[in-house]
Amino acid sequence: MKARVYVTLKRGILDPQGQAVLHALGSLGYSGVKDVRVGKLIELELETSDRPKAEADLKTMGERLLANPVIEDYRFEILE
Amino acid sequence: MNHSAIRIGILVFPGSNCDQDCHYAITQVLGASAEFVWHKTETLPSLDAVVIPGGFSYGDYLRTGSIARFSPVMAAVARFAKDGGLVLGICNGFQILLEAGLLPGVMLRNHSLSFICKDVHVWVDNTATPFTGRLKPDQVLRLPIAHAEGNYYTDQRTLASLNAQHQVVFRYCTPDGRIIPDANPNGSLNSIAGLSNSRGNVLGMMPHPERSAEAILGNAAGRLIFQSMLDSLQTARLSMKAAVQA
């Protein structure tokens, strides 16, 4: 079973990396980009085929390691 | 004061790179004893204090300090801190303390996105900690920083509590002690350069005292931090000895 975890900065947290990308896009001529936020995509391959267990594990993985709850949110999807 | 009986443990993670400098400053400059403690160690040897040195533990993967905090030694350090032991985290060591929850908050990328390596000035906001006894209130120290993630952030409620409990120990300032945005190298919230836990026995700081511990390095201000820590440990030892004799 495969899963994807998306880690994104919470709303209101300044994202200097996103701002740098925004400015670079602007200098490439993409003047219509209003905002950029950079996050992380983490792909996992799980041994289990038990979906509820996978969901429970992914939740604690997000809370304990993959995201820092002070500044980041996470969500995940399970790919069959 | 003879510090040779005091033993300081210096943690070593894969990617630590200021461990030797800390060892040198503590043993050669200040005359205390020091030993390296490998990150897989589950039980700390008999130590008076723990230093978590700077570097790039685990290559800064995921977030700075986020992998190191799960090293076996960090559970032992958490117990050591809970028992009142002194823990000093420098730069990446500060980041590890934040990820481990031994100090509140988190480090974001520097506002400029650049790795910054230069001397800065910090204002001493709290001289009542075991790490700042040799410093004077409102003293300005010149210390080197070298980091890409020193932009301290926490939520407003935690920030208010940090300020109310005098847990902010150092703030970035101008050479004459003014705390203004221009003197803040990395965008850190409230110009925070170093902070302690509420009990005061755990200190995290972005500047490197070990890189500024003797005159030959052009700057000996960092020595005051280590000296303060050793003074506190010596005082604790003497009072313990007095209690045993009484």
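Residues numbered from 1 in each chain as written. Chains lettered and ligands numbered in written order. Predicted model: local features only at pLDDT ≥ 70, side-chain atom pairs only at ≥ 80, totals over all residues.

A.B. asks: Can you walk me through the overall build of chain A in this structure?
C.D. replies: If you tally the helices and strands in chain A, you get two helices and three strands. Taking 12 Å as the expected radius of gyration for a compact globule of 80 residues, we find that chain A reaches 16 Å, considerably beyond that expectation. Over its C-alpha atoms, taken along the principal directions, chain A stretches across nearly 50 × 25 × 15 Å. Each of the 80 residues in chain A was classed as buried or not, and the buried ones make up 12%. (Helix = DSSP H or I, 4+ residues; strand = E, 2+ residues; numbered from the N terminus. Rg over C-alpha atoms; globule rule 2.2 N^0.38 Å. Buried ≥ 20, exposed ≤ 12 C-beta atoms within 10 Å, placed from the backbone.)

A.B. asks: Explanation requested: the overall build of chain B in the structure shown.
C.D. replies: A tally of helices and strands in chain B yields five helices and eleven strands. Compactness check: chain B gives a C-alpha radius of gyration of 17 Å against a globular reference of 18 Å for 246 residues, within 12% of the reference. Structurally, chain B occupies a C-alpha span of about 55 × 40 × 40 Å along its principal axes. By the burial criterion, 54% of the 246 residues in chain B qualify as buried. Considering only intrachain contacts with a sequence separation of at least 6, the fraction spanning at least 24 residues in chain B is 76%. (Contact = placed C-beta atoms within 7 Å.)

A.B. asks: Looking at this model, I keep getting lost on the sheet that holds strand β10 (residues 192-196) of chain B. Mind explaining?
C.D. replies: Remark on secondary structure: sheet strands pair via backbone hydrogen bonds, oriented parallel or antiparallel. All names here are of chain B. Strand order in this open sheet of nine strands is β2-β1-β3-β4-β11-β10-β9-β6-β7, and the pairing throughout is mixed. Looking at the sheet topology across the chains shown, the edges are occupied by β2 (33-38) and β7 (140-147). Going from strand to strand, the sheet's axes swing by 25° on average, the running direction of each strand aside. Looking at chain direction, strand β1 (residues 7-12) and β2 are connected through six bridges and run parallel. By the bridge assignment for β2, G9 is matched with E35. (Pairing = 2+ DSSP bridges. Axes fitted to C-alpha atoms, helices over the stretch in contact; angles between N-to-C directions.)

A.B. asks: Explain the environment of S228 of chain B to me, please; I cannot follow it from the model alone.
C.D. replies: Residues and elements named next belong to chain B. Looking at the element boundaries, S228 is found in helix α5 (residues 223-245). In the structure, S228 is positioned 94 residues away from R134 in sequence and 5.3 Å away in space, judged by C-alpha atoms. Look past the residues within four positions of S228 in its chain and what remains in contact with it is P130, F131, T132, G133, R134 and L135.

A.B. asks: Would you mind showing me how to read the interface of chain A and chain B here?
C.D. replies: Interfaces are often sized by the accessible area lost when the parts come together. Each side of the interface is counted separately: chain A has seven residues, and chain B has eleven residues. When residues of the side of chain A that touches chain B are assigned to their parent elements, the largest contribution, three residues, is made by helix α1 (residues 16-27) of chain A. For the side of chain A that touches chain B, a count of residues per class yields five nonpolar, two polar and no charged. (Nonpolar A, V, L, I, M, F, W, Y, C, P; charged D, E, K, R; others polar.)

A.B. asks: I keep staring at the sheet that holds strand β2 (residues 40-45) of chain A and nothing clicks. Help me out?
C.D. replies: All names here are of chain A. Taken in spatial order, the three strands make up an open sheet running β2-β1-β3, and their pairing is antiparallel. Because the sheet does not close on itself, it has two edges, and the strands there are β2 and β3 (72-79). The average angle at which neighbouring strand axes cross in this sheet is 20°, direction not considered. In the sheet, strand β1 (residues 2-9) pairs with β2 via six bridges, with the strands oriented antiparallel. Bridge assignment links K2 to a residue of β2, and that residue is E45. Along the sheet face, helix α2 (residues 51-66) touches β1, β2 and β3 and points at about 155° away from the line of β3.

A.B. asks: How do you make sense of α2 of chain A when you look at a structure like this?
C.D. replies: Owing to its 3.6 residues per turn, the α-helix brings residues three or four apart onto one side. All names here are of chain A. Relative to the 22 Å expected for 16 residues at 1.5 Å per residue, α2 spans just 19 Å between its end C-alpha atoms, considerably shorter than the ideal helical length. Listing the buried residues of α2 in full gives L58, G62 and L66. Buried residues in α2 make contact with β1, β2 and β3. (Expected span 1.5 Å × (residues − 1).)

A.B. asks: Honestly, the pairing of β10 of chain B in this entry has me stumped. Any pointers?
C.D. replies: Consecutive residues of a regular strand have side chains that alternate between opposite faces of the sheet. All names here are of chain B. Within β10, five of the five residues are buried, which leaves it mostly tucked inside the rest of the structure. Bridge count for β10 against strand β11 (residues 202-205) is three bridges, and the pairing is antiparallel. Each bridged residue has a counterpart across the sheet, and for L195 the counterpart in β11 is G204.

A.B. asks: It is not clear to me how the environment of N186 of chain B should be interpreted in this structure. Could you clarify?
C.D. replies: All names here are of chain B. If you trace the backbone, N186 turns up in the loop between β9 (168-173) and β10. Sequence-wise, N186 and F115 are 71 residues apart; in three dimensions their C-alpha atoms are separated by 9.4 Å. Not counting chain neighbours up to four residues away, the residues in contact with N186 comprise N110, H111, I116, G150 and N151.

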